[in-house]
Amino acid sequence: MRKARTFLAPIAAIAILAGALAHPLAPAAAASLPLLQQSPQQSRQTPAQPAPTVASVVDRDINGIEELVIGAAEAMPEDKFNFTPDALHIPAADYQGVRSFAGEVRHIAASNWFIWSPLTGDKLPEGLNDGNGPANLTAKADIIKFLRDSFALGHRAAATLTTENMLQSPGKSKSTRLRLAEFGIAHAYDHYGQMVEYLRMNGIVPPASRDKSE
């Protein structure tokens, strides 16, 4: 029995050493091996990530909806940019007077300006038309540029948020800064859903749904 213990002792020591090498950052293992130096890669620590802020969290949310909306807008072909479901003449359906696809995109952009400009103090562009966007913007490229500019405003608005001012109301607004920032995001998601329906009606899979099981 004593011989068995003598034989197993080196094996146990090897096992402990192997475990220490497999977990070089464990304090106990490092302390038990004073003669074993860690490699530069093992000793290099991961840089600390900056702590999240109100501004960074809201900005991330804006990034999310911006990617979805712009992706959907770019997916609709130029010749179908003014599509409305009314053109499909679906029996028993009433789509008369609904916004076109282009109208949805202009509406999101115009609303972004109305909602986020109080946070930045930016002057509203001309022709927003109570949220329907400039009527003279008819080309796909021009409408998407208007959309991109409105999300750029959103990022500037997010950057103004702090824990000190987020519950304050800017200017004559009755809403807090934080609510305005997040309402712009929620509103865009609402109309993004409409854009997705229009894409589907034209046999187009939204970019966010591609390469996924349908």
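Worth saying up front: this structure is predicted, and the values here are computed from it rather than measured.

Criteria and thresholds
- Residues numbered from 1 in each chain as written.
- Predicted model: local features only at pLDDT ≥ 70, side-chain atom pairs only at ≥ 80, totals over all residues.
- Heavy atoms only, no water.
- Helix = DSSP H or I, 4+ residues; strand = E, 2+ residues; numbered from the N terminus.
- Contact = heavy atoms within 4.5 Å.
- Areas by Shrake-Rupley, 256 points an atom, 1.4 Å probe, with all protein chains shown as cover.
- Phe/Tyr/Trp six-rings, centres within 6.5 Å; stacked < 30°, edge-to-face > 60°.
- Buried < 20%, exposed > 50% of the residue type's maximum accessible area, 1.4 Å probe, protein only.
- Core = buried A, V, L, I, M, F, W, Y, C linked by side-chain atoms within 4.5 Å.
- Expected span 1.5 Å × (residues − 1).
- Salt bridge = Lys/Arg side-chain N within 4 Å of Asp/Glu carboxyl O.

(A) Structural detail: the overall build of the chain. Looking only at helices and strands, one finds seven helices and zero strands in the chain. Along the chain, helices and strands appear, N-terminal first, in the series α-α-α-α-α-α-α. Here the contacts in the chain between residues at least 6 apart in sequence split such that 67% fall between residues at least 24 apart. Of the roughly 13500 Å² of accessible surface on the chain, 57% is carried by carbon and sulfur atoms.

(B) Here's a closer look at the packing of aromatic side chains. All told, the structure shown has three aromatic pairs when counted by the stated rule. A centroid spacing of 5.3 Å and a plane angle of 70 degrees characterise the contact between Phe-81 and Phe-101, whose relative ring orientation is edge-to-face. Of the two residues, Phe-81 is situated in the loop between helix H4 (54-75) and helix H5 (101-120) and Phe-101 in helix H5; the sequence distance between them amounts to 20 residues. Under the relative-accessibility criterion, Phe-101 is labelled buried at 0%. Ring centres of Trp-116 and Phe-151 lie 6.1 Å apart, and the angle between their planes is 55 degrees; this geometry places the pair in the tilted category. Of this pair, Trp-116 sits in helix H5 while Phe-151 sits in helix H6 (residues 140-159); the two residues are 35 residues apart in sequence, bridging distant segments of the chain. Its relative accessible area of 0% is what places Trp-116 among the buried residues.

(C) The arrangement of the nonpolar core in detail. If you look at the biggest cluster of nonpolar residues, it comprises 44 residues, and the most contacted ones within it are Trp-116 and Leu-147. Put simply, the parts of the chain that give this core at least two residues each are H4, H5, H6 and helix H7 (177-201). Ranked by residues supplied to this core, first place goes to H5 with ten residues.

(D) Geometry of unusual backbone geometry. In this structure, Ala-92 takes a positive phi of about 65 degrees despite not being glycine. Within the secondary structure, Ala-92 sits in the loop between H4 and H5. Its identity is not glycine, yet Asn-129 carries a phi of approximately 55 degrees, on the positive side. Tracing the chain through its elements places Asn-129 in the loop between H5 and H6.

(E) Expanded view of H4. Here H4 is 22 residues long and its end C-alpha atoms lie 32 Å apart, about the 32 Å a rise of 1.5 Å per residue gives. Within the span of H4, buried status applies to Val-54, Ala-55, Val-58, Ile-62, Ile-65, Glu-66, Val-69, Ile-70, Gly-71, Ala-72, Ala-73 and Ala-75. If you follow the buried residues of H4, they end up packed against H5, H6 and H7.

(F) Expanded view of H6. Between the first and last C-alpha of H6 there are 29 Å, a value that for 20 residues agrees with the 28 Å anticipated at 1.5 Å per step. Turning to H6, the residues buried within the fold contact H4 and H5.

(G) The pattern of salt bridges, seen in detail. Per the stated rule, a full pass over the model turns up three salt bridges. The shortest N-O distance in the salt bridge between Arg-148 and Glu-74 comes to 2.7 Å. Placement of the pair is Arg-148 in helix H6 and Glu-74 in helix H4, with a sequence separation of 74 residues. A salt bridge links Asp-122 to Arg-156; the nearest nitrogen and oxygen atoms lie 3.1 Å apart.

(H) How the structure looks around the side chain of Ser-117. Its location among the elements puts Ser-117 in helix H5. Taking the relative accessible area as the measure of exposure, Ser-117 reaches 8% and is therefore buried. With near-sequence residues (within four places) excluded, Ser-117 lies in contact with Asn-112, Asp-122, Leu-124 and Leu-153.

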